[in-house]
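Reading the structure
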Amino acid sequence: MSTELQGQIAIITGASSGIGAGVAKSMAQAGATVVINYPSPSSQPAADAVLKEIIDAGGKGMTAQCDVSKEDEVARMFADVVAAHGTVDILVNNAGLQRDAKFHEMTLDQWNTVIGVNLTGQFLCAREAIREFLRRGPRPEVSVATGKIICMSSVHELIPWAGHANYASSKGAIKMLMQSLAQEYGDRQIRVNSICPGAIQTPINKPAWETPQALNSLMTLIPYNRIGQPQDIGNLAVFLASDKSDYITGASIFIDGGMTVFEGFATGG
Ligand code: BGC
């Protein structure tokens, strides 16, 4: 246990699996009380398991169901968290999904589902968080910043992705959402940054790592030659939420084993 986030309340959306679960564990280990958001009743057992692991390790937290793409559900989750814990200090806008399709075959439903969760979900949660930060004002006893928002973006806010135009579009848009918020609220000491993961071993990209052949092919994209783990992202999220990163706002931080240095150019070009 460390104490970097001691006394702070952190909401992590989409925390019942994958990167979100990793971030929740890392933040709890750093002393935060974590709110493990999950989207629907079917993911409740997974959310409960993440909470149990955190509590068994001496951490603190709660679970909270809400579909981040629904305005009333997001408002209710924030109200519940404020009622239970007094305020919110950190939002990790993590919930995200893929609905992959060739562009000429992509349905409006596939498009809307991805934009609804990945982009509108980040808008709705960030808006509630900023409203709460403004209402509450500074809390110097826990942090120099009045509030911190971390947006989970992707290497695909930079790297175009054929067959995933909806997903790449959502991540490109998150860059502008994040930077606009950093610009708009910097003078109120609200810091907003993005984490841009590369290939992290989670359910969202199972086809890319579940067989040795797939993993080998993935390695041709990763100079550092290993797939990332949720803990890698958790470590960065704790740093970005802590006062150690107090002068960082409006930044997209890539954490990708070098995926964005375009390994193909090592021998081509
Ligand atoms: C996607 C993964 C993919 C990774 C690298 C992530 O944002 O969700 O499916 O493996 O980017 O391409």
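First, a word on scope: everything that follows refers to the structure included in this document. Since we're looking at a predicted model, the values are computed, not measured.

The number of helices and strands found in the protein chain is 7 helices and 7 strands. When the helices and strands of the protein chain are placed in sequence order, the string is β-α-β-α-β-α-β-α-β-α-β-α-α-β. Relative to its length of 269 residues, the protein chain is compact, with a C-alpha radius of gyration of 18 Å against a globular reference of 18 Å. Taking the principal axes of its C-alpha atoms as reference, the protein chain extends roughly 55 × 40 × 35 Å. By the burial criterion, 51% of the 269 residues in the protein chain qualify as buried. When the accessible area of the protein chain is evaluated, it comes to approximately 12,200 Å², of which 57% is carbon and sulfur surface. Positive and negative side-chain charges of the protein chain, numbering 20 and 25 respectively, have mean locations separated by a distance of 2 Å.

This brings us to the site of the ligand. Taken together, Gln98, Ser154, His156, Trp161, Tyr167, Gly198, Ala199, Ile204, Asn205 and Met259 form the complete shell of residues around the ligand. Within the side chain of glutamine 98, an N or O atom sits 2.6 Å from an oxygen atom of the ligand. The residue inventory of the shell around the ligand, partitioned by class, reads 5 nonpolar, 5 polar and no charged.

Once that is clear, we can look at the nonpolar core. Of all hydrophobic cores here, the largest spans 34 residues; its most connected members are Ile11, Phe78, Val81, Leu91, Ile149 and Val192. Counting residues in each nonpolar core, the second largest holds 31 residues, with Ile54, Ile90, Leu236 and Ala237 among its members.

Here we come to the packing of helix H3 (residues 71-85) against helix H4 (residues 108-136). Closest axis-to-axis distance for the H3/H4 pair is 9 Å, and the angle between their directions is 35 degrees. Here the hand of the crossing between H3 and H4 comes out right-handed. Side by side, H3 and H4 meet where Glu71, Val74, Ala75, Phe78 and Val82 of the first sit next to Leu124, Cys125, Arg127, Glu128, Ala129, Glu132 and Arg135 of the second. Per-class residue counts for the contact of H3 with H4 are 7 nonpolar, no polar and 5 charged.

Computed from the structure, the second largest pocket encloses a volume of approximately 200 Å³. Forming the boundary of the second largest pocket are Met1, Gly22, Lys25, Ser26, Ala28, Gln29, Glu53, Ile54, Ala57, Gly59, Pro230 and Gln231. Those elements that provide at least two residues to the lining of the second largest pocket are helix H1 (18-29), helix H2 (44-56) and helix H7 (230-241). When residues of the lining of the second largest pocket are assigned to their parent elements, the largest contribution, 5 residues, is made by H1.

Once that is clear, we can look at the packing of aromatic side chains. Scanning the entire structure with this criterion turns up 1 aromatic pair. With a centroid separation of 5.7 Å and an interplanar angle of 65 degrees, the aromatic rings of tryptophan 161 and tyrosine 167 are classed as edge-to-face. For tryptophan 161, a relative accessible area of 29% puts it in the partly exposed group.

In this structure the tally under the stated criterion is 15 salt bridges. In this structure, lysine 25 engages glutamate 53 in a salt bridge whose closest nitrogen and oxygen atoms are separated by 3.3 Å. Placement of lysine 25 in helix H1 and of glutamate 53 in helix H2 is noted, with a sequence separation of 28 residues between them. A residue is classified by how much of its surface remains accessible, and lysine 25, at 31% relative accessible area, is partly exposed. Glutamate 132 is the partner of arginine 135 in a salt bridge, and the nearest nitrogen-oxygen pair spans 2.7 Å. Of this pair, arginine 135 and glutamate 132 are both found in helix H4, 3 residues apart, which corresponds to roughly one turn of the helix. According to the relative accessible area criterion, arginine 135 is exposed, its value standing at 54%.

Another point: the pairing of strand S2 (residues 33-38). Judged by how many residues are buried, S2 sits mostly within the fold: 6 of 6 residues are covered. Here S2 shows two buried faces, one formed by Thr33, Val35 and Asn37 and the other by Val34, Ile36 and Tyr38. Examined bridge by bridge, strand S1 (residues 9-12) and S2 share 4 bridges and lie parallel to one another. The residue bridging isoleucine 9 from the neighbouring strand is threonine 33, located in S2. Once you follow S1 into H1 and on to S2, the crossover reads as right-handed. Relative to strand S3 (residues 60-65), S2 runs parallel, the two sharing 6 bridges. Across the sheet, the residue bridging to tyrosine 38 is glutamine 65, located in S3. Regarding the hand of the β-α-β motif, the stretch spanning S2, H2 and S3 is right-handed.

Conventions adopted
- Residues numbered from 1 in each chain as written.
- Predicted model: local features only at pLDDT ≥ 70, side-chain atom pairs only at ≥ 80, totals over all residues.
- Heavy atoms only, no water.
- Helix = DSSP H or I, 4+ residues; strand = E, 2+ residues; numbered from the N terminus.
- Rg over C-alpha atoms; globule rule 2.2 N^0.38 Å.
- Buried < 20%, exposed > 50% of the residue type's maximum accessible area, 1.4 Å probe, protein only.
- Areas by Shrake-Rupley, 256 points an atom, 1.4 Å probe, with all protein chains shown as cover.
- Lys, Arg positive; Asp, Glu negative; His and termini not counted.
- Charge placed at Lys NZ, Arg CZ, Asp CG, Glu CD.
- Near = heavy atom within 4 Å.
- Polar contact = N/O pair within 3.5 Å; in protein donor to acceptor, adjacent residues only side chain to side chain.
- Nonpolar A, V, L, I, M, F, W, Y, C, P; charged D, E, K, R; others polar.
- Core = buried A, V, L, I, M, F, W, Y, C linked by side-chain atoms within 4.5 Å.
- Axes fitted to C-alpha atoms, helices over the stretch in contact; angles between N-to-C directions.
- Left-handed = near helix turned anticlockwise from the far one by under 90°.
- Contact = heavy atoms within 4.5 Å.
- 1 Å grid on protein atoms, 1.4 Å probe; cavity = no way out; pocket = protein on both sides within 12 Å on 5 of 7 lines; lining within 4 Å.
- Points joined across faces, edges and corners; volume = space filled by probe spheres on them.
- Phe/Tyr/Trp six-rings, centres within 6.5 Å; stacked < 30°, edge-to-face > 60°.
- Salt bridge = Lys/Arg side-chain N within 4 Å of Asp/Glu carboxyl O.
- Pairing = 2+ DSSP bridges.
- Right-handed = clockwise from strand over helix to strand, strands pointing away.

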